[in-house]
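# Observations on chain architecture
If you want the building blocks of each chain, they are given just below.
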Amino acid sequence: PESWLVYQEIFVCDSTTAEIYNANMRQLMVDKLTSSEMVVFNRTTPATDKMALHKIVRGISRKANICYEDTNGEIEFDQFEDPLPYDINADLIEIKDEDFAIFYRDMTEDFAKYNGKKLRFKGIVALDSSLPKGSFAIGRHIMTCCADDIAYRGVVAKSTGAVNLKMRDWVIVEGKILEEYSTLYQAKGPVLAVTKIEKAEKPEQEVATFY
C-alpha cells in the first residue's frame, strides 16, 4: 500500500548455498546485502564455516547484524570482530592503497568517528566547476561486485595553498577531515582541509575493492 513504509530489511539466506551464490552470482548477493539491516543464515550445522559467511556480509556492509540459525531452530548471533586495517586512533591515520574501499565505506557509514581526524591517502583528482578555486575531489574508483558497478567515490578537498592539478592526477593528500557544506554535495558532507599534497604514481591495482 502507498501509505506503508519500509521499517526494516532482513535478508534470510540458506547457509549451504550462500558461498556458491556469492562466487557465481555475486550481484544477487550485493543487491540484497547492501541495504539489509539483519542477515540470517539458516540451516547451519557444526561444520558450517561461519567466518566465510561473515566475510561475505562484511565485504558488502559493515552495519548489518548477522546471526546463524541451525537446523534445530537455535539462533546464534555473530561474534566475529571486524578490526579496521588501520589505526583509527592514530594522530595521523594512514590509509594504504588496498584499504581505500574499506575506509571509504566505513567513513560514509560512521562519519562521527572520523570527524576532526587527520588522514593520509592516495587518490585520483576530480575537478568540478561548482567547487570554489583551490578545491577539488579526491578519491578512487571502487568495485563492489563486478566491473559493471565500478564508480568513482571520493570527498571534497580544499587547499589553503596554490594547487596545479589536472583531472585524473594521482596524488597523496594529507589533512584534517571535517563535516562542512559543499556545493558538490549540495549539503553537509566530508571535506578534507589539505595541509600537504604531492604527486604520486598510480597503485598496482587502480580500482579499489573489498577483497
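Higher on the page you've got the structure.
Residues numbered from 1 in each chain as written. Predicted model: local features only at pLDDT ≥ 70, side-chain atom pairs only at ≥ 80, totals over all residues. Heavy atoms only, no water.

## Remarks on the sheet that holds strand S1 (residues 10-14)
Taken together, the 4 strands give an open sheet; going across it, the order is S1-S2-S3-S4, and neighbouring strands pair in mixed fashion. Looking along the sheet, the strands with just one partner apiece sit at the ends: S1 and strand S4 (75-77). Within the sheet, the average angular offset between the axes of one strand and its neighbour, ignoring direction, is 25 degrees. Bridge count for strand S2 (residues 38-44) against strand S3 (residues 65-70) is 5 bridges, and the pairing is parallel. Bridge pairing links Met38 to Asn65 in S3. (Pairing = 2+ DSSP bridges. Helix = DSSP H or I, 4+ residues; strand = E, 2+ residues; numbered from the N terminus. Axes fitted to C-alpha atoms, helices over the stretch in contact; angles between N-to-C directions.)

## Focus on the environment of Glu74
Mapped onto the fold, Glu74 is located in the loop between S3 and S4. With residues up to four places along the chain from it excluded, the contact list for Glu74 reads Tyr68 and Glu69. (Contact = heavy atoms within 4.5 Å.)

## Section: the pairing of strand S10 (residues 187-199)
In this sheet, S10 lies alongside strand S8 (residues 151-159) in parallel orientation, the contact comprising 4 bridges. Among the inter-strand pairings, Val156 is bridged to a residue of S10, identified as Val191. The antiparallel pairing of strand S9 (residues 170-182) with S10 creates a hairpin that spans 4 residues between the two strands, and Gln186 there sits at a positive phi of about 60 degrees.

## Re a nonpolar patch on the surface
Side chains of Tyr21, Met25 and Leu28 sit close together on the surface and give an oily, nonpolar patch of about 260 Å² of accessible area. Relative to the elements of secondary structure, Met25 occurs in the loop between helix H1 (18-24) and helix H2 (26-33). (Patch = residues over 30% accessible without salt bridge, like charges linked within 9 Å, V, L, I, M, F, W, Y side chains within 5 Å. Areas by Shrake-Rupley, 256 points an atom, 1.4 Å probe, with all protein chains shown as cover. Salt bridge = Lys/Arg side-chain N within 4 Å of Asp/Glu carboxyl O.)

## Things to note about the nonpolar core
Grouped together as the largest cluster of nonpolar side chains are 29 residues, with contacts concentrated most on Tyr86, Phe103, Met107, Tyr114, Phe121, Ile138 and Leu192. Of all elements in the fold, only helix H4 (100-109), strand S6 (118-126), strand S7 (135-142), S8, S9 and S10 reach the threshold of two or more residues within this core. Element by element, the count of residues in this core is highest for H4, at 6 residues. The residues touching Phe103, leaving out its near neighbours within four places in the chain, are Tyr86, Ile95, Tyr114 and Leu119. (Core = buried A, V, L, I, M, F, W, Y, C linked by side-chain atoms within 4.5 Å. Buried < 20%, exposed > 50% of the residue type's maximum accessible area, 1.4 Å probe, protein only.)

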